[in-house]
Amino acid sequence: MGRGRAGGLGALLVGTIAAGSALGAQSTRPPFAVPTWAFPTAPAATAPAPKPDSVVLRRVPRSTRTYTMRQVSNGFDIPDWFPQSHPPMPASVQYGVPPNARGCGYCHLPDGQGRPENGTLAGLPAEYTIRQVAAFRNGTRLAANPASPTNSMHTLAKAVADSDVVTAARYFEHLALTRRNRVVEVARVPKTRIEGMLFAYGDPGTEPLDGRLIEVPETFERHELRDPGVPYISYVPVGSIARGRSLATRGPAGAATSCAACHGPDLLGKDQVPPIAGRAPSNILRQLINFRTGARSDSASASMWPVVERLTVRDMVALAAYVGSRKPTR
Ligand code: HEC
Ligand code: HEC
């Protein structure tokens, strides 16, 4: 790999573009229906949300800090439960600029661990982060389900100053993803409800998993408090991890498409190709779908099109389960 791979990547990229755009090439691909459950979206509120409470002091495990819900919900001076877990944040991460450029750490958390609905920034190459924000801004990075509120990132990308993106990207690049996912293979899943852009445990009892990947925070309250330490659990169909390992290793469309060929040994990233090991499985799944439908259509994403071209939803769930369950660090 190394230098050689860069050439291979370029060749693949050119090859794909020569064969037509992502959408143009679709005619020769098997049909693909976007599974809407992969983009959980709560129905729009009918009444304005009540003002967050500004009296009760909340806590999360292992932090000595306290915040009210009002403070937790302030995207322009974000809560930081574990200040010792990361270097001082640049202003773009902690404060942002009102009214539309909230601090990156509000959604992606101060240590960049992110939440399944927005994704991890810790350890992403700065150049990659900068390119993604540009793609959100210019509309070449969309979501395969247009109802999905990933719009928050589009609003932000249009509002944020370029220099703030650069300082944020450099800050997150040097942080490590430490959260470990629990991926659990089941036939039946605890009942869930949708909160915002995320599944949460719902009524008591279980229901058939039915081929889905359902990722939930262990407790929704800690997720709401933006606790970077809350564990997330992904329920996947029985056999997914082994199936994902086999697809990832041999490559869905031959050896050149094995995940490690570009994402590096242990899938921890290589040059500008982002690390994927240990990232939120539901987010990995959405990105595979976004590449598959051409919703991610910026030129750098062309390397991923041949990889996903023939994948079924079942394959993608398996890959997300396997990749998400890998160790995020050496
Ligand atoms: C209001 C919430 C919010 C804020 C604030 C926010 N983001 Fe995001 N971000 C999102 C969401 C939602 C996504 C997922 C979009 C998708 O995958 O379609 C996302 C995705 C991303 C991604 C893609 C990650 C990947 O692995 O592909 C990058 C990079 C990113 N954001 C950078 C930033 C930077 C830099 C800032 C601060 C300047 C920032 N974000 C602030 C909500 C936010
Ligand atoms: C030919 C090279 C290549 C191969 C093979 C490849 N990838 Fe990628 N992958 C990339 C590149 C380049 C990107 C960044 C795309 C961009 O900049 O938009 C990427 C991005 C991704 C992302 C999005 C990450 C994020 O932060 O949003 C996921 C998920 C992913 N790849 C999964 C996989 C899986 C799973 C496999 C194996 C089945 C795989 N990739 C094989 C080159 C490759």
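Given the structure is predicted, the values throughout are model-derived calculations rather than measurements.

### Focus: the overall build of the chain
Assigned secondary structure in the chain consists of 13 helices and five strands. Taken over the C-alpha atoms alone, the chain extends approximately 60 × 50 × 40 Å along its principal axes. When contacts within the chain are restricted to residue pairs at least 6 apart in sequence, those whose partners lie at least 24 apart make up 64%. Carbon together with sulfur atoms contributes 58% to the accessible area of the chain, which is approximately 15400 Å² in total. Positive and negative charge centroids in the chain, built from 38 and 24 side chains respectively, lie 4 Å apart.

### With respect to the sheet that holds strand β1 (residues 182–186)
With mixed pairing, three strands are arranged side by side in an open sheet as β1-β5-β4. The open sheet has two edge strands with one neighbour each: β1 and β4 (214–217). Geometrically, the sheet is characterised by an average inter-axis angle of 25° between neighbouring strands, direction not taken into account. Taken together, the four bridges between β4 and strand β5 (residues 232–237) define a ladder with antiparallel strand orientation. Each bridged residue has a counterpart across the sheet, and for Ile214 the counterpart in β5 is Tyr235. Against the sheet, helix α9 (residues 240–250) touches β1 and β5, its axis set at about 115° to β1.

### Some words on the site of ligand 1
As a structural note, the neighbourhood of ligand 1 is formed by 21 residues, with Cys104, Cys107, His108, Arg141 and Met153 the closest of them. Taking Tyr128, its side chain carries an N or O atom lying 3.5 Å from an oxygen atom of ligand 1. Here an oxygen atom of ligand 1 and a side-chain polar atom of Arg141 are 2.7 Å apart. Listing elements by their share of the shell around ligand 1, those giving two or more residues are α4 (104–108), α5 (126–138) and α6 (151–159). The biggest single contributor to the shell around ligand 1 is α5, with five residues. Partitioned by chemical class, the residues of the shell around ligand 1 number ten nonpolar, eight polar and three charged.

### Observations concerning the site of ligand 2
Around ligand 2, 27 residues are found, and the nearest of them are Cys259, Cys262, His263, Arg296 and Met304. Take Arg131: an N or O atom from its side chain is 2.9 Å from an oxygen atom of ligand 2. Gln132 is positioned with one of its side-chain polar atoms (N or O) 3.4 Å from an oxygen atom of ligand 2. Mapped onto the shell around ligand 2, the elements with two or more residues apiece are α1 (3–18), α5, α10 (259–263) and α11 (281–293). Considering each element in turn, the shell around ligand 2 owes the most residues, four residues, to α11. Considering only residue class, the shell around ligand 2 consists of 17 nonpolar, seven polar and three charged.

### Here we look at the coordination of the iron atom of ligand 1
Ligation of the iron atom of ligand 1 by protein atoms is provided by His108 (NE2) and Met153 (SD), these donors lying 2.1 to 2.3 Å from the ion. Geometry at the iron atom of ligand 1 is octahedral, judged from its six donor atoms and the angles of 87 to 179° they form at the metal. Separated by 45 residues along the polypeptide, His108 in helix α4 and Met153 in helix α6 bring together distant segments of the chain.

What counts and what doesn't
Residues numbered from 1 in each chain as written. Chains lettered and ligands numbered in written order. Predicted model: local features only at pLDDT ≥ 70, side-chain atom pairs only at ≥ 80, totals over all residues. Heavy atoms only, no water. Helix = DSSP H or I, 4+ residues; strand = E, 2+ residues; numbered from the N terminus. Contact = heavy atoms within 4.5 Å. Areas by Shrake-Rupley, 256 points an atom, 1.4 Å probe, with all protein chains shown as cover. Lys, Arg positive; Asp, Glu negative; His and termini not counted. Charge placed at Lys NZ, Arg CZ, Asp CG, Glu CD. Pairing = 2+ DSSP bridges. Axes fitted to C-alpha atoms, helices over the stretch in contact; angles between N-to-C directions. Near = heavy atom within 4 Å. Polar contact = N/O pair within 3.5 Å; in protein donor to acceptor, adjacent residues only side chain to side chain. Nonpolar A, V, L, I, M, F, W, Y, C, P; charged D, E, K, R; others polar. Donors = N, O, S within 2.8 Å, 3.2 Å for Na, K, Ca; no water. Tetrahedral: all angles 85-135°; square planar, octahedral: opposite > 155°, others 65-115°.

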